[in-house]
Amino acid sequence: MNASLNVRNVVTGLVVAGLVLLPVYSALSGNVFVLTLFTRIVILALAAASLNLIMGYGGMMSFGHAAYLGIGGYAVGMLAQEGIGSGFVQLPVALAASALFALVIGALSLRTRGVYFIMITLAFAQMAYYVASGLARYGGDDGLTIYKRSDFAGLLNLSNRVQFYYLCLACLLGVVFLIWRIVNSRFGLVVQGLRSNEQRMQAIGFPAKRYRLVCFVIAGTMCGLAGALLANNTDFVSPAVMYWTRSGDLMVMVILGGMGTLFGPVIGAVVYLLLEEFLSQLTEYWAIIMGPLLLLIVLFGRGGIMGLLGRLKRG
Amino acid sequence: MADPLLRVDNLVRRFGGIVATDHVSLDVGDREIHAIIGPNGAGKTTLISQLTGHLVPHGGTIRLAGRDISRLPAWRRSALGLARSFQITSLLSDFTAADNVALAAQAHHGHSFRFLANARKEKGLRDAAHAALERVGLASRADVPVARLSHGEQRELELAVALATRPQILLLDEPMAGLGATESARMVKLLGDLRREVSIVLVEHDMEAVFALADRISVLVYGRIIASGVPDAIRQNDEVKRAYLGDQHVVTRNG
């Protein structure tokens, strides 16, 4: 047991160290592209980590998690468009809007289970997608260009690639730390207990729905942060970021890395996005390779990459 | 004493055309063991499920210490002091024995919207869990995941979980189901000890256990209570004998 945990910890440690040192490598090698790529990876890893909180620990298979990427992003974009460039306004608005959205769709969709829950979360995210497409003032279908990144009054300059990268990484590590604390807290144990056996949890005195709802809101808020960062990263936000395939991407990252493990989604995001980048350089039809590869991992690597690493030393 | 601890009046529950609970009335006094027996399919589990709030009755009332709880959800009844064990073991299988019990203690020990402090390091909860495990003889198995406990141990853990909610009344749905002779004997002894602290509604097929433990017995057949009384009276009751024999459901020692 301990040995297997160590393999995981070593890999996790290496990945985190790599992420921390990446800007150094970028500066030394003069490879700017790698920093841009990894900024995106870190932001989506944050989104995947937030999805893992409800999906992996809470057993809630939300298929609409990309909606919060859009909501966080549009909060930044719309405020910027209206001349409010301060990050101290944009960020809280992005988080609050995401939390509110999660509260409403969570309250409605958590009445359902299983496949219905998947479909209803998907439906809500698609609704958000079409609403954004209809926002003519904010670019509609074409999306909204953000001419100036969130302004943190000299504290941080988001247009500086290295500073922005470290901001994203700090957010990711902060969120992972928070999730670690949450899953070991009273609240986290209740949520995991509900995943395991809801009837039992009700019988010992826990009202299931309100715990699930709070968890759903926490995860949505975290993903809204990722959305705000993503919009800053691309200087652009469009309905496409909320499309259901993006929610699917996030799910794949979580499953690939290992559901219900702390760093699984981070590793899943790194592997998935690097594969996508690498394979799409090889061929236009990269999805033909990616698909079977993911299938293999899901079929033979129960528990994703973290599961594989966990078994590595046991055999 | 004005009200018995638990009082059920004219409870009715139908499934389609079948009346699974047919105007059932019974009461359970303070620190009394009230056993409910009856052939398979008599509606015993349906009755228990209505008492715990997992199933909504179509008619009648359930009162706990005078308060009508007929429409309260399961978790709220638990908060009022009603605990159950399941006929088919129902635990958090990916948690350890101690975690299962500690969660039950946690539900009745302050609120659970605490997000940062490590719950497994809360001494109060761990002590409560340990005490309940000790009670059922599982103290040495505290850190074993439920999936790796034996069937008998899981039955005992069910009981520990119920006890950790500090109930006024325990609803036990066939606690001896699937237990071997020695395990059964241990369970009987345990329930016998518990009667000093808590009222018990005992649904059980093991007649030896029922007659050894029960203060009163109610016999349920086709959803109706056909007899209710002290064990000796039930033993002598002709209708009970006929119901069991006429039904071809021979009541065996072990379910």
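What counts, and where the lines are drawn
Residues numbered from 1 in each chain as written. Chains lettered and ligands numbered in written order. Predicted model: local features only at pLDDT ≥ 70, side-chain atom pairs only at ≥ 80, totals over all residues. Helix = DSSP H or I, 4+ residues; strand = E, 2+ residues; numbered from the N terminus. Rg over C-alpha atoms; globule rule 2.2 N^0.38 Å. Contact = placed C-beta atoms within 7 Å. Pairing = 2+ DSSP bridges. Axes fitted to C-alpha atoms, helices over the stretch in contact; angles between N-to-C directions. Domains from an automatic or database assignment. Nonpolar A, V, L, I, M, F, W, Y, C, P; charged D, E, K, R; others polar. Parallel < 35°, antiparallel > 145°, perpendicular 65-115°, else oblique. Core = buried A, V, L, I, M, F, W, Y, C linked by C-beta atoms within 7 Å. Buried ≥ 20, exposed ≤ 12 C-beta atoms within 10 Å, placed from the backbone. Expected span 1.5 Å × (residues − 1). Left-handed = near helix turned anticlockwise from the far one by under 90°. pLDDT = per-residue confidence, 0-100.

Enquirer: Which parts of the structure should I look at to understand the overall build of chain B?
Expert: Looking only at helices and strands, chain B has 9 helices and 10 strands in total. The C-alpha atoms of chain B give a radius of gyration of 18 Å, which matches the 18 Å a tight globule of 255 residues would have. Over its C-alpha atoms, taken along the principal directions, chain B stretches across nearly 60 × 40 × 40 Å. Pairs at least 24 residues apart make up 67% of the contacts formed inside chain B by residues separated by at least 6 positions.

Enquirer: In this structure, what is going on with the sheet that holds strand β3 (residues 33–37) of chain B? I would like to understand it.
Expert: The pairing of strands in a sheet comes from backbone hydrogen bonds and takes either a parallel or an antiparallel form. Residues and elements named next belong to chain B. Strand order in the open sheet formed by 6 strands is β6-β7-β8-β3-β9-β10, with mixed pairing between adjacent strands. With partners counted over all chains shown, the strands left at the sheet margins are β6 (82–85) and β10 (224–229), one partner each. Each adjacent strand pair in this sheet contributes to an overall mean axis angle of 15°, direction not counted. With 5 bridges connecting them, strand β9 (residues 216–221) and β10 associate as antiparallel partners. Residue pairing across strands places Ile 217 opposite Gly 229, the latter belonging to β10. Relative to the sheet, helix α1 (residues 44–52) contacts β3, β6, β7 (169–173), β8 (199–203) and β9, its axis offset from that of β7 by approximately 150°.

Enquirer: Help me understand the domain arrangement of chain B in this model?
Expert: The extent of an interface is frequently quoted as the accessible surface area lost upon association of the parts. Residue and element names in this part refer to chain B. Per the domain assignment, the segments of chain B are domain 1 (1–81 + 169–255) and domain 2 (93–166). A C-alpha centroid distance of 26 Å is found between domain 1 and domain 2. Taken together, the contacts link 8 residues of domain 1 with 8 residues of domain 2. Per-class residue counts for the side of domain 1 that touches domain 2 are 4 nonpolar, 3 polar and 1 charged.

Enquirer: Even after reading the chapter, I still don't get the packing of helix α10 (residues 244–257) of chain A against helix α13 (residues 304–312) of chain A, so can you show me in this structure?
Expert: Describing two packed helices takes the angle between their axes plus the distance from one axis to the other. Residues and elements named next belong to chain A. Running from N to C, α10 and α13 cross one another at 5°; their axes reach a closest spacing of 3 Å. With respect to their mutual orientation, α10 and α13 come out roughly parallel. Across from Ile 255, Leu 256 and Gly 257 in α10, the residues of α13 making contact are Gly 304, Ile 305 and Met 306. Partitioned by chemical class, the residues of the contact of α10 with α13 number 4 nonpolar, 2 polar and no charged.

Enquirer: Explain the nonpolar core to me, please; I cannot follow it from the model alone.
Expert: For soluble globular proteins, nonpolar side chains are generally found buried alongside one another. One finds A:Ala45, B:Val101 and B:Ala160 to be the most contacted residues of the largest nonpolar core, which totals 176 residues. Top element by residues in this core is helix α2 (residues 32–57) of chain A. It accounts for 15 residues. Here this core spans two domains, and each of domain 1 (1–81 + 169–255) and domain 2 (93–166) of chain B adds at least three residues to it. Apart from the residues lying within four places of it in its own chain, the contact partners of B:Ala160 are B:Val101, B:Ala132, B:Leu133, B:Arg135, B:Val136 and B:Leu138.

Enquirer: Sorry, what's going on with the sheet that holds strand β5 (residues 67–68) of chain B here?
Expert: Residues and elements named next belong to chain B. One open sheet accounts for 4 strands, arranged β2-β1-β4-β5; its pairing is antiparallel. The open sheet has two edge strands, β2 (18–28) and β5, and neither has a second partner. Relative to the sheet, α1 contacts β1 (6–15), β2 and β4 (59–64), its axis offset from that of β2 by approximately 60°.

Enquirer: What is the right way to read the interface of chain A and chain B from this model?
Expert: Contacts between the two partners involve 20 residues from chain A, matched on the other side by 29 residues from chain B. Only α6 (161–183), α7 (186–196) and α8 (198–203) of chain A provide two or more residues apiece to the side of chain A that touches chain B. With 6 residues, the top contributor of residues to the side of chain A that touches chain B is α7(A). The residue inventory of the side of chain A that touches chain B, partitioned by class, reads 9 nonpolar, 8 polar and 3 charged.

Enquirer: Just checking my understanding: could you explain the environment of B:Gly38 for this structure?
Expert: Residues and elements named next belong to chain B. Looking at the secondary structure, you find Gly 38 in the loop between β3 and α1. A C-alpha to C-alpha distance of 8.9 Å links Gly 38 and Ala 243, two positions 205 residues apart in sequence. Once residues within four sequence positions are removed from consideration, Gly 38 is found in contact with Lys 44, Val 219, Leu 220 and Val 221.

Enquirer: How should the pairing of β8(B) be read in this particular structure?
Expert: The two faces of the sheet receive side chains in turn, since in a regular strand these alternate between them. Residue and element names in this part refer to chain B. With 5 of 5 residues buried, β8 lies mostly within the body of the structure. Where burial is concerned, the two faces of β8 agree: the one with Ser 199, Val 201 and Val 203 and the one with Ile 200 and Leu 202 are both buried. Pairing of β3 with β8 involves 4 bridges; the strand directions are parallel. For Ala 35, the partnering residue across the bridge sits in β8 and is Leu 202. Direction of pairing for β7 relative to β8: parallel, over a ladder of 5 bridges. Counterpart to Leu 171 in the pairing with β8 is Val 201.

Enquirer: Can you walk me through unusual backbone geometry in this structure?
Expert: Among all residues save glycine, negative phi is the norm, and among peptide bonds the norm is trans. All names here are of chain B. Non-glycine residue Asn 10 carries a positive phi angle of around 50°. Along the chain, Asn 10 turns up in strand β1. Its identity is not glycine, yet Ala 65 carries a phi of approximately 50°, on the positive side. With respect to the helices, strands and loops of the structure, Ala 65 is situated in the loop between β4 and β5.

Enquirer: For this particular structure, what's the right way to read helix α11 (residues 264–282) of chain A?
Expert: Two residues of an α-helix separated by three or four positions point the same way, owing to the 3.6 residues in each turn. For α11(A), which comprises 19 residues, the first-to-last C-alpha distance of 27 Å matches the rise-based estimate of 27 Å (1.5 Å per residue) to within 8%. Of the residues making up α11(A), those classed as buried are A:Gly264, A:Pro265, A:Val266, A:Ile267, A:Gly268, A:Ala269, A:Val270, A:Tyr272 and A:Leu273.

Enquirer: Is there a simple way to explain the packing of helix α3 (residues 66–81) of chain A against helix α9 (residues 208–234) of chain A in this structure?
Expert: All names here are of chain A. Packing of α3 against α9 brings their axes to within 6 Å, and their N-to-C directions diverge by 50°. It follows that α3 is oblique to α9 by the angle criterion. For the element pair α3 and α9, the recorded crossing hand is right-handed. For the pair α3 and α9, contact is made by Tyr 68, Leu 69, Gly 70, Ile 71, Gly 72, Gly 73, Ala 75, Val 76 and Gly 77 and by Gly 220, Cys 223, Gly 224, Leu 225, Ala 226, Gly 227, Ala 228, Leu 230, Ala 231 and Asn 232, respectively.

Enquirer: I keep staring at the confidence of the model for chain B and nothing clicks. Help me out?
Expert: Detailed reading of the predicted model is not advised wherever pLDDT is low. Residues and elements named next belong to chain B. Of the residues in chain B, 95% have a pLDDT of 70 or more, and the chain-wide mean is 91. Helix α3 (residues 97–107) holds the highest mean pLDDT among the elements of chain B, 97, whereas helix α9 (residues 238–246) holds the lowest, 75. Contacts of residues 247–255 to residues separated by more than four positions or lying in other chains number 16 contacts, the stretch itself having pLDDT below 50. Reported for the predicted complex are a pTM of 0.92 and an ipTM of 0.89.

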